[in-house]
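The lines below spell out each chain.
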Amino acid sequence: EAGVTQFPSHSVIEKGQTVTLRCDPISGHDNLYWYRRVMGKEIKFLLHFVKESKQDESGMPNNRFLAERTGGTYSTLKVQPAELEDSGVYFCASSRADSTGELFFGEGSRLTVL
Amino acid sequence: AQSVTQLDSQVPVFEEAPVELRCNYSSSVSVYLFWYVQYPNQGLQLLLKYLSGSTLVKGINGFEAEFNKSQTSFHLRKPSVHISDTAEYFCAVTLNTGFQKLVFGTGTRLLVSP
């Protein structure tokens, strides 16, 4: 069974540019989460999809961030326009509908904004 | 709101020595507790979790943790560490009303040397 995959693993862009991160969850996992870790700080929740619906997007920093999960499969997280403070590692995680809290994480996408 | 404190950012130990990684949480309601581990160049994976029942929980790779409600702690222990335990360890909580977003601590880097 393939794990959670994220692309790209590392992206370097200039301030003001746009970046789109992609996450492919484990097949059959209804729950999909985005988290972000900035500068060695805590891993912070961004949002939670259940299938294609946004269950909780309380962690999204501002309207420069847009997450989608069309068809309830893979998800994208777009940052437009990127700012310096958006630099960090973006983690995607997925879980089954009946999960008792175990999330399966991808390796993360490291974003560097110059 | 919940919060998690991991006071030790880095813990150096020698191989075969015991180790304890500390985690304290704050919440006005009951929570579920987790420890995740991130090995170099990998995603986070679940080490162990406390949902209910026995306060001593055992996880993978010989790790265990004890839930202490009065001290709001969930410290992680291993009686004898290996070089391969070198990784970053994250404590996390979620509300016990359902498996929603995880709130993570800042992580503790365990460095095991020969």
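Not measured: the values here are computed from a predicted model.

**Student:** Explain the overall build of chain A residue by residue, including any values.
**Tutor:** Tallying secondary structure elements over chain A gives zero helices and 11 strands in all. Taken over C-alpha atoms, the radius of gyration comes to 13 Å for chain A, in line with the 13 Å a tight globule of 114 residues would show. Its C-alpha atoms give chain A principal-axis dimensions of about 40 × 25 × 25 Å. Looking at chain A as a whole, 47% of its 114 residues are labelled buried. For chain A, long-range pairs separated by at least 24 residues make up 51% of all intrachain contacts whose partners lie at least 6 apart in sequence. Surface summary for chain A: the accessible area is close to 5700 Å², and the carbon and sulfur share equals 47%. Side chains of chain A carry 13 positive and 15 negative charges; the gap between the two charge centres is 4 Å.

**Student:** Describe in detail the state of the cysteines, supporting the description with residues and values.
**Tutor:** According to the stated counting rule, one finds two disulfides over all chains in the structure shown. The disulfide partner of Cys23 of chain A is Cys92 of chain A, and the gap between their sulfur atoms is 1.9 Å. Because the torsion about its S-S bond is -65 degrees, the bridge between Cys23 of chain A and Cys92 of chain A counts as left-handed. In this pair, Cys23 of chain A sits in strand β3 (residues 19-24) while Cys92 of chain A sits in strand β9 (residues 88-95), placing the two residues 69 residues apart along the sequence. Cys92 of chain A gets classed as buried once you look at its relative accessible area, which sits at 0%. Cys23 of chain B shares a disulfide with Cys91 of chain B; S-S distance 2.0 Å. Judged by the sign of its S-S torsion, about -65 degrees, the bond between Cys23 of chain B and Cys91 of chain B is left-handed. Note that Cys23 of chain B is positioned in the loop between β3 (19-21) and β4 (24-26) and Cys91 of chain B in strand β10 (residues 87-95), a separation of 68 residues in sequence. The pair formed by Cys23 of chain B and Cys91 of chain B is uniform in burial state, with each residue classed as buried.

About the cut-offs
- Residues numbered from 1 in each chain as written.
- Chains lettered and ligands numbered in written order.
- Predicted model: local features only at pLDDT ≥ 70, side-chain atom pairs only at ≥ 80, totals over all residues.
- Heavy atoms only, no water.
- Helix = DSSP H or I, 4+ residues; strand = E, 2+ residues; numbered from the N terminus.
- Rg over C-alpha atoms; globule rule 2.2 N^0.38 Å.
- Buried < 20%, exposed > 50% of the residue type's maximum accessible area, 1.4 Å probe, protein only.
- Contact = heavy atoms within 4.5 Å.
- Areas by Shrake-Rupley, 256 points an atom, 1.4 Å probe, with all protein chains shown as cover.
- Lys, Arg positive; Asp, Glu negative; His and termini not counted.
- Charge placed at Lys NZ, Arg CZ, Asp CG, Glu CD.
- Disulfide = S-S within 2.5 Å.

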